[in-house]
Amino acid sequence: MRQSSLVVVANRLPVDDTVAPDGAFEWRRSPGGLVSALHPILHDKPATWVGWAGGTGDAPTLPDVDGIHLHTVPLSADDVREHYEGFANATLWPLYHDAVEQPVYHRRWWEAYQRVNRRFAEAAARAAEPDAVVWVQDYHLQLVPGMLRALRPDLRIGFFLHVPFPPPELFMQLPRRAELLLGILGADLVGFQRSQAAHNFAQLANRVLKLPATDRRIAVDDRVVRIGAFPVSIDTAEMEALARRPEVVQRAQRLRRDLGDPQKVILSVDRMDYTKGIEQRLKAYSELIADGHVKVRDTVMVQVAVPSRERVEQYQILRDRVEREVGRINGEFGRVGEPAVHYLNQPFDRVELAALYRAADIMAVTPLRDGMNLVAKEYVAARVDDAGALVLSEFAGAAAEFQQAYLVNPHDLDGLKLTLMHALEASPEDVSSRMRAMRGHLRTHDIQAWATSYLNALVPGPSPAA
Ligand code: ADP
Ligand code: G6P
């Protein structure tokens, strides 16, 4: 088996199996922030990515993708139900996102979480060269750092959480909270999106495990675990180059024509997830039409909602509610050939996404809670013309970096309507000065800067990402 000096361990592999329109089987980059963030930093390094390929049963053998060796971990149907759909996405995901949906607790799911984490830890231990760097990602695998340290004490182990880490009053609900904290503390460096998350984690380590902890260091036995904020980003240069391509510019123009040449296009691009505030946004838009503030002919909304976690009940309920609301809005306010909301429940390739970004006057990114939100960053990077207004939730990690966005509290419906109107009516000068400032920030705070700063902190000296 091939061994690497840099091993990334994540529940998802960077590719997903799909069936192409001609019926052929193909592998495609999977949607979601984690894959978008890590994919660009690993190619042309002798790196291995340990992850799940998305199906059940035996693990398929996959070819290297862009120079990344893919090591698949098999999950059975029970593992998928109890680990991925259960503990990861019906317990931890809602709990870590402010419990905007009620977290579900089942003892059986915890057994599965341990079992699957152990399998990932064993796979990572096999994939790592002596003294290698292993970088474990996200909430599905919080026990892996501890398990891996027990198996391979020679390794340098990092852990990065892409989602928020909740305040103590929420985390304390978790039945297996002590084991979970100890699992994460198997790492040498624990990274979060925001310093508030590091603070929450330190407080919990102190309260639950009685460990001496500051917002930078936690003492565990004879080790010191460092913690800190490392806000994740995107490959800014790649998105800029994509957005400048003539085919993207033409496609954006074509999209606007197909939308009926409206004066304003409001765009949202999300996974179909209840944390994204899709329902609140649709309600705000429909009230703006009903109040007479916007006219459908002049101001159309495009909601892209890529299918996600479709077997988890809360996601099924959300999709039904969103589709009912889109139907209601279009039934009430649309005309033949002129819907108010253009709703697309499908994945798109990067060219189409870039064209959508370039076609949108307003990008509405209004999650109720989000670790970072890379869509907001992709939109900013794509606006090489310095046009386009970003309406951004204060509850997205990206808001800490994009103070020049039109910031909004998405729980406040009237505030959301006002902010959308503010962005719709803003002068081109106001829009472009804000966009320029945000683009300047993104150029220096890109994915390479994120990876380098994290890996330099994990392994002082020449970075494996350099
Ligand atoms: P999350 O991590 O919760 O999925 P992010 O906004 O951080 O949210 O990341 C979403 C990623 O998924 C972005 O890189 C975005 O381009 C991608 N994505 C979102 N919608 C689609 C879609 N319909 N087709 C393909 N990729 C998508
Ligand atoms: C978020 C999570 C990732 C996850 C992605 C897509 O970005 O932080 O860990 O991979 O959503 O979700 P999925 O359930 O399809 O992997």
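Structure shown above.
This is a predicted model, so every value here is computed, not measured.

Trainee: Where do I start with the sheet that holds strand 12 (residues 299–306) in this structure?
Mentor: Across the sheet, six strands lie side by side as 13-12-11-14-15-16; this open sheet has parallel pairing. Strands at the two margins of the open sheet, each flanked by one partner only, are strand 13 (341–344) and strand 16 (406–408). The mean angle between the axes of side-by-side strands here comes to 20°, regardless of whether they run parallel or antiparallel. Bridge count between strand 15 (residues 389–393) and strand 16: three bridges; the pairing is parallel. Across the sheet, residue Ser393 finds its bridge partner in strand 16, namely Val408.

Trainee: Would you mind showing me how to read the nonpolar core here?
Mentor: Among soluble globular proteins, nonpolar side chains are generally buried collectively. Tyr96, Phe120, Phe165 and Leu180 are the most contacted members of the largest nonpolar core, which totals 99 residues. No other element matches the ten residues that helix 3 (residues 107–127) contributes to this core. Viewed by domain, this core spans two of them, domain 1 (4–232 + 449–458) and domain 2 (236–444), each represented by three or more residues. Each residue touching Phe165, except ones within four places of it in the same chain, is listed here: Tyr96, Phe171, Leu181, Phe192, Ala197, Asn200, Phe201 and Leu204. Core analysis: the next-biggest nonpolar cluster, separate from the first, contains 73 residues, Ile68, Met239, Met372 and Ala405 among them.

Trainee: Would you mind showing me how to read helix 11 (residues 313–333) here?
Mentor: Look at helix 11: 30 Å from first C-alpha to last across 21 residues, which is about the 30 Å you get at 1.5 Å a residue. Those residues of helix 11 not exposed but buried are Gln314, Tyr315, Leu318, Val322, Glu325, Val326, Ile329 and Phe333. For helix 11, the angular spread of buried residues about the axis comes to 100°, placing them on one side. Residues of helix 11 that are exposed and angled more than 90 degrees away from the buried face: Glu313, Arg324 and Gly331.

Trainee: What is the right way to look at the site of ligand 2 in this model?
Mentor: Among the eleven residues in the neighbourhood of ligand 2, the closest are listed as Arg12, Tyr84, Asp138, His140 and Arg309. The side chain of Asp138 places a nitrogen or oxygen atom 2.5 Å from an oxygen atom of ligand 2. The separation between an oxygen atom of ligand 2 and a polar side-chain atom of Arg309 is 2.8 Å. When ligand 2 is considered free in solution it has 370 Å² of accessible area, and contact with the protein chains removes 91% of it. When the residues that make up the shell around ligand 2 are grouped by side-chain class, the tally is three nonpolar, four polar and four charged.

Criteria and cut-off values
- Residues numbered from 1 in each chain as written.
- Chains lettered and ligands numbered in written order.
- Predicted model: local features only at pLDDT ≥ 70, side-chain atom pairs only at ≥ 80, totals over all residues.
- Heavy atoms only, no water.
- Pairing = 2+ DSSP bridges.
- Helix = DSSP H or I, 4+ residues; strand = E, 2+ residues; numbered from the N terminus.
- Axes fitted to C-alpha atoms, helices over the stretch in contact; angles between N-to-C directions.
- Core = buried A, V, L, I, M, F, W, Y, C linked by side-chain atoms within 4.5 Å.
- Buried < 20%, exposed > 50% of the residue type's maximum accessible area, 1.4 Å probe, protein only.
- Domains from an automatic or database assignment.
- Contact = heavy atoms within 4.5 Å.
- Expected span 1.5 Å × (residues − 1).
- Arc of directions from axis to C-beta.
- Near = heavy atom within 4 Å.
- Polar contact = N/O pair within 3.5 Å; in protein donor to acceptor, adjacent residues only side chain to side chain.
- Areas by Shrake-Rupley, 256 points an atom, 1.4 Å probe, with all protein chains shown as cover.
- Nonpolar A, V, L, I, M, F, W, Y, C, P; charged D, E, K, R; others polar.

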